[in-house]
Amino acid sequence: MNSQMKTLTKIIAVLFLIAAPFVLTAQSQLYNSGIGGGEGSNPMGGGAPITGSFMILLSLGIGYGAKKVYDIRKGVVE
């Protein structure tokens, strides 16, 4: 029974992963100047700048990687 349950769980998970992109797609509204909604001339994502946040995340990632390398080398030397 346990083996059948694991198999069934795996099948359901695979089916969900295959079906999710088709079911969970968002449709953008066409621009209607009368109601002020829709995409208009803004780029996808609303025109939010990501450069500052990206640089912060990149530097934190590099720092974390450097710390991991330092800890590994320190452990090997000792």
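Structure: see above.
About the cut-offs
- Residues numbered from 1 in each chain as written.
- Predicted model: local features only at pLDDT ≥ 70, side-chain atom pairs only at ≥ 80, totals over all residues.
- Heavy atoms only, no water.
- Patch = residues over 30% accessible without salt bridge, like charges linked within 9 Å, V, L, I, M, F, W, Y side chains within 5 Å.
- Areas by Shrake-Rupley, 256 points an atom, 1.4 Å probe, with all protein chains shown as cover.
- Salt bridge = Lys/Arg side-chain N within 4 Å of Asp/Glu carboxyl O.
- Helix = DSSP H or I, 4+ residues; strand = E, 2+ residues; numbered from the N terminus.
- Buried < 20%, exposed > 50% of the residue type's maximum accessible area, 1.4 Å probe, protein only.
- Expected span 1.5 Å × (residues − 1).
- Bend = angle between axes of the 7 residues up to and from the residue.

Asks: Go over a nonpolar patch on the surface with me, naming the residues and quoting the values.
Replies: A cluster of nonpolar side chains, namely Val 14, Ile 18, Phe 22, Val 23 and Leu 24, defines an oily patch on the protein surface of about 590 Å² accessible area. Relative to the assigned elements, Val 23 resides in helix H1 (residues 2-23).

Asks: Residue-level account of the pattern of salt bridges, with values.
Replies: Scanning all chains against the criterion turns up one salt bridge. Here Lys 67 and Asp 71 are joined by a salt bridge, their closest N and O atoms 2.9 Å apart. Of this pair, Lys 67 and Asp 71 both sit in helix H2 (residues 51-77), four residues apart, which is roughly one turn of the helix. Overall, the relative accessible area of 46% leaves Lys 67 in the partly exposed class.

Asks: Report on H1, specifying residues and quantitative values.
Replies: Given a rise of 1.5 Å per residue, 22 residues ought to cover 32 Å, and the 30 Å separating the end C-alpha atoms of H1 matches this to within 8%. Along its length, H1 shows its largest kink, about 25 degrees, at Leu 17, and proline Pro 21 lies within four residues downstream of that point. Where burial is concerned, little of H1 is hidden: one out of the 22 residues are buried.

Note that every value here comes from positions in space, so none of it alone points to a role or purpose.
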